[in-house]
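Coordinates in review
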Amino acid sequence: MRAWKPAWKWTLPRVTLVVMGLWWLASILLLLSVLTCSVPGFEQVRASTKGSEAELLDRHGEVISRLRLDHQRRLLNWVPLNQVSAAMQRAILMAEDKRFYQHPGLDPLATLSALVDNLQRSRARGASTISMQLAKLLQQDAQAQRQHDQPQARQPQHPWLLKLEQARLALALEWYWSKAQILEAYLNRVGFRGELVGIDAAARGLLAKGPDGLGELDGAILAALVRAPGASRSQIARRACNTLQAMQAQANTKQISAQPTHSVSLGVNSTACEAVEMRASILPDRAYAMPGVEDAPHLARRLLQQPGQRLQVSLDASLQRFALQTLRTHLAALSKQNVEDGTVLVLDNASGEVLAYVGSSGDLSGAREVDGVMALRQPGSTLKPFLYAAAFDQGWLNASSVLDDSPLALTTPSGLYIPQNYDRHFLGAVSVRHALGSSLNVPAVRTLTLVGVERFLQLLRDAGLESLQQSAEHYGFGLALGSGETTLLQLSNAYRMLANNGEWRPVRFQVTADAATAAEPVPGKQVLSAGASFIISDILADSTARITTFGLSSPLSTQGWAAVKTGTSKAMRDNWAIGYSQRYTVGVWVGNFSGAPMWDVSGITGAAPIWRDVIEYLHRNQSSHAPVAPPGVTRQQLRYHPAIEASRQEWVMHQPDQPAAASVVIEVVGSSAARLIAPPDSAIIAPDPDIPQARQSVLLQSSGHEHSCMRLDGKPVATCGTQQVLVPLPLPGKHVLSLTDKQGQGLDQHHFEVRGLQGLAKKP
């Protein structure tokens, strides 16, 4: 008879075998699941982690501006693990994942401990490892991307499914990534408090430190925020103290293991916890201002488009900072003259690269956000070089031509236009060189009558002044003196056109690809001839040509060759200095963004000193040489008779088959003869019906001298030598205003008509 055996003795091996089989099967399935899990690479995650800010880099790769574009979160640049302090790493591991370097992504001991604790407390405690937390962050990114790509796609909502997917991804991360990579990615992606994401933003925003400067107290406080970002300061202090105690206990345990014969104090002393409590009590309600770089904020706002973008541009950081500091220094000296704003632009003549872009004076400005480089302002006399160049190309004038600088009155549809010179004086007969160099207004207006407003306007548009969108009738003869509006960028690039022999090409904000193509020109258009551009440049570089207005010694004079022109708009609202050397074009504007006028500021005292300092800085290590005359331009000996100006050698344009004469004598005739100005010839004067005709008057004006006499209908209106006088409005009808000498010999004569009140519509 066979002995009876308990059932468990023969069933236990079978059960054990089944359990082991199931374990191996589950392990194989889990391994297959992990191996087939779609895991992003570490470099892919780092590259796709876009900070909330975009960066502008100069041509050498140096950061010159940061601009925040994501206002939902504050995430700074990715920080490598070796740039995070060891104390911070220990604190985050102690607070979030003590066995991080021992488990494969899931921590069974932490899960069991959390389960026991949750049975004894009302508030649940999680057991997610750092790998699982990182997996959750990556999972959220993937879901957000799918939602962006397919807005109607249905996302899994069950928390258990999400948790299982996180566990699977955590195991996969441990399989494909190193522990250091997981910890580095976690520290750069985890949220700390409010909008602060990542260790760099948290350290700088809450503790005003860099990640590499965090101590144990700092690390404990930041680690306490990971699990409860919205915790109160007292809760943060309590958790941070517990973390410090655990860190100290771990350190003591290692000391005991290393030195068993020595007694080591366990736990953290109360002083450290008090320090943590004090540090936690002064945590800011809002993040500290992040350390930023704002060397080119206006260009950054113009070019940077998306968070995390790093755009390299053609600016030079050292030049940009010098231009900004130079502008601020000179504007500070002008503050008592009601000047607070200014801009500086530097262009490379050959490539068109923008080397400096200073949009405002920063803190000195009441509107520092305004980009003065792109703001529309009146250019004043800075348009005159293009006007004279057009007259050269049309054959009306050359540098030696004589213009009449005497009072001028032009009839326009909007009324009488009477230009004045800057100093309110007139010189009579002057050469074009003298008129442009000394920036005389009346000769410029006379030149515009030769060129034509329509032609001049089209030339300015061809030169890149696209902002001049109104009709020629709108601008009128005032266009010669800058009645339109343009930007510093457009105007500076137009001057660069003069430096490039009259060929206009667009500017560049990006660096040219390599040195071989650095000087390769962008396709452009020939707006002015090389000859006209060369002669204009020679005039703008001639210090003797600007003696009358600027004197021999002025901020327009530089050590090397440079051509420059100033400009001032009406009521002293805009002041310009724009010029170019052999290699660079520099544009400067000063004024007030508010439109308020400056007080007693001219081109010499306003923009010119800034322009000179920048030009001298650019050529501190290299000289600037005058350009070589292009074909068709030669020099000739010039003499005026009578000698309105000293004899000199002058550049002249000519056809190759018709060489210019070696010398020339220019006869100056009647350029300063006395003449009538107002009322203009053939004028019609309509009296105001609301004012009694006996109380109305008319201005009679001439450019006469002490021997000239004005007569109205043959009768003297004032003593001889009087140049302007108000007389009672003549009776309705036609009248004659004459200018004669004392002997009654006629010098000039204007006819005008006064309308009667009959038939005039009364004003409402």
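In case you missed it, the structure is sitting above this.
Residues numbered from 1 in each chain as written. Predicted model: local features only at pLDDT ≥ 70, side-chain atom pairs only at ≥ 80, totals over all residues. Heavy atoms only, no water.

Okay, helix α7 (residues 179-189) next. Among the eleven residues in α7, nine count as buried, and that is most of the element. The set of residues buried in α7 consists of K179, I182, L183, E184, A185, Y186, L187, N188 and R189. (Buried < 20%, exposed > 50% of the residue type's maximum accessible area, 1.4 Å probe, protein only. Helix = DSSP H or I, 4+ residues; strand = E, 2+ residues; numbered from the N terminus.)

All right, on to the pattern of salt bridges then. The final tally for this structure, using the stated rule, is 31 salt bridges. The partner of E62 in a salt bridge is R321, with the nearest N and O atoms 2.6 Å apart. Of this pair, E62 sits in the loop between β1 (53-57) and β2 (63-68) while R321 sits in helix α13 (residues 317-333); the two residues are 259 residues apart in sequence, bridging distant segments of the chain. Using a relative accessible area of 32% as the deciding quantity, one classes R321 as partly exposed. For R612, the salt bridge goes to D613, with nearest N and O atoms at 3.4 Å. Taking the relative accessible area as the measure of exposure, D613 reaches 22% and is therefore partly exposed. (Salt bridge = Lys/Arg side-chain N within 4 Å of Asp/Glu carboxyl O.)

Attention shifts here to the environment of D393. Locating D393 in the fold gives a position in helix α14 (residues 384-394). When sequence neighbours within four positions are dropped, the list of residues in contact with D393 reads L528, S529, A532 and M653. There is a polar contact of 2.5 Å between the side chain of D393 and the side chain of S529. (Contact = heavy atoms within 4.5 Å. Polar contact = N/O pair within 3.5 Å; in protein donor to acceptor, adjacent residues only side chain to side chain.)

Further remarks concern the packing of aromatic side chains. A ring pair, where both rings are aromatic, is described by two values, the distance of the centres and the angle of the planes. This structure, assessed with the given rule, holds nine aromatic pairs. Between W561 and Y580 the ring centres are 6.2 Å apart and the planes differ by 55°, which places this aromatic pair in the tilted class. With a gap of 19 residues between them, W561 in the loop between α21 (547-550) and β15 (563-568) and Y580 in strand β16 (residues 574-580) connect regions that are remote in the sequence. Overall, the relative accessible area of 17% leaves W561 in the buried class. Classification of Y580 by relative accessible area gives buried; the value is 1%. Look at W589 and F593: their rings are 5.5 Å apart centre to centre, the planes differ by 5°, and that puts the pair in the stacked class. (Phe/Tyr/Trp six-rings, centres within 6.5 Å; stacked < 30°, edge-to-face > 60°.)

A separate point is the state of the cysteines. Under the definition given, this model contains two disulfides. Residue pairing for C241: its cysteine sulfur links by disulfide to C273, the two sulfurs lying 1.8 Å apart. Classification of the bridge connecting C241 and C273 rests on its S-S torsion, roughly 55°, and on that basis the disulfide is right-handed. Note that C241 is positioned in helix α10 (residues 233-258) and C273 in helix α11 (residues 270-281), a separation of 32 residues in sequence. Residue class for C241 comes out buried when judged on its relative accessible area of 12%. (Disulfide = S-S within 2.5 Å.)

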